[in-house]
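Coordinate inspection notes
This is what each chain is made of:
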Amino acid sequence: MIKEQTYNLEINEKLDKIFKNISYFSEVEYFINIIKNGFLYQNITKSEADIIIVGDSFPDEIILSLNVKIKYIFGGSRVTAIWGDEILPRDADAVSCSVYGYLSEMNLNNSLVIIPLICDSFKKIALILKAQGIKVCTLYIPPVKNEENFKIWRNEIERCINIIAFHMKRPLTKRSIKKAYSIIKSAREQIRIFKNTIKKSNILIPYSAEMAVIHSFYYADDINLWISNLKKFTNVLEKHSDNAENNKSNILLIGSPVYFPNYKIPLLIEDAGLNIAAHCDCCTMKDYLDIHNVYTEKKIYFDDCSSAYVKDCTMFEKVKFIARENKINGVIYHIIKGQIEYDFEMERYEQYFSEMNIPVFRLETDYNYNDIEQLRIRIEAFSEILEQKRLKRL
């Protein structure tokens, strides 16, 4: 009971903080309920999902074509990270610990758990679950992205599709996958309209709330209904659209993924009076994909920006595009302790933004709140630097 109360308290408190400034919009209630349905403890332990997806590196097009009970586990909870930390090695990052913490509370007897092998910790999770007799399907992602490795990746996907089909006792067809792609395409198009409307709205929608609304996509039972509700919310915001002037410094947030409920960094940035003009990580990257392209396996592969790649060129190119499309004053490069692959990537971002005279601020943290005041002071100091630069340009 204490475990349930502690975890649910984290979820409810974070939802209250994220949506407190826009609670007068009745349209957000739909998205809040979806998130609660996906996260509250009783819904996790009683979940009877046919397929459980760990992370966001397995193609959504394939998963949503199944028309079965699906559960996504991203690993954003501080509480579940504590549960997982007791089992995983000490060098495991908070996301991996949180993922295992979730899985350890779920009934997995009738589920197939799909785990992309993007890091050593995920490999460890797969081995632990297999040792417990859980059905696990792993996806190997070649660390270098090229035409030759595309064939390896495609063979891996086909192998996973066969495992999924055997588990579900039904085949997956290219027709059903293309149909799912069409739905996802519509969702991403509506997400773009939603994001662009917020930029023009004279009502301040905190970026943390925008993130939560968009991320609720992964917990919707009916994607078409989700699209319809996002459209309704967008239409309401459009009534307040008047290209209002923004007097805050614009931040680009990149680096380690930010998963609900771990919105510590976005909330601290907002508290410091900064505006998150754009955010790009391995999860939000999909929001920036070209919706006009047709479905192909090669497109999915070359658009992928998993942290499994030694050099994530796709992410780098998208970040450059986002920086050109938005008036960016500063970059916060967020790193979760233990995710050293993002540290390796940081140098070329620093070099690129230095050429544009845009400061890059490295911020390393984990899921604990012990460092929150220290982080607040550092972000506020960065905010002052950006404000001084902004005033000099006036």
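Here the structure is shown first, and the text comes after it.
Residues numbered from 1 in each chain as written. Predicted model: local features only at pLDDT ≥ 70, side-chain atom pairs only at ≥ 80, totals over all residues. Heavy atoms only, no water.

Before going further, it helps to examine the overall build of the chain. A tally of helices and strands in the chain yields 16 helices and eight strands. The C-alpha atoms of the chain give 20 Å as radius of gyration, which agrees with the globular expectation for 394 residues (21 Å, within 12%). With respect to the principal axes defined by its C-alpha atoms, the chain has extents near 65 × 50 × 45 Å. A total of 394 residues make up the chain; the buried ones form 58% of that total. (Helix = DSSP H or I, 4+ residues; strand = E, 2+ residues; numbered from the N terminus. Rg over C-alpha atoms; globule rule 2.2 N^0.38 Å. Buried < 20%, exposed > 50% of the residue type's maximum accessible area, 1.4 Å probe, protein only.)

With that out of the way, let us pick up the packing of aromatic side chains. With the rule as written, the count across this model stands at 31 aromatic pairs. Each ring, one from Phe31 and one from Phe233, has its centre 6.4 Å from the other, and the planes form 40°; the classification is tilted. Linking Phe31 in helix H2 (residues 28–39) with Phe233 in helix H11 (residues 223–238), this pair joins segments that are 202 residues apart in sequence. Comparing Phe31 with Phe233, the two get one shared label, buried. (Phe/Tyr/Trp six-rings, centres within 6.5 Å; stacked < 30°, edge-to-face > 60°.)

Looking at the second largest pocket, its volume works out to about 830 Å³. Taken together, 28 residues make up the lining of the second largest pocket; nearest its centre are Val68, Lys69, Ile70, Ala220 and Asp221. Here the lining of the second largest pocket gets five residues from one element, more than from any other, and that element is helix H9 (residues 174–200). Residue classes in the lining of the second largest pocket are distributed as 13 nonpolar, eight polar and seven charged. (1 Å grid on protein atoms, 1.4 Å probe; cavity = no way out; pocket = protein on both sides within 12 Å on 5 of 7 lines; lining within 4 Å. Points joined across faces, edges and corners; volume = space filled by probe spheres on them. Nonpolar A, V, L, I, M, F, W, Y, C, P; charged D, E, K, R; others polar.)

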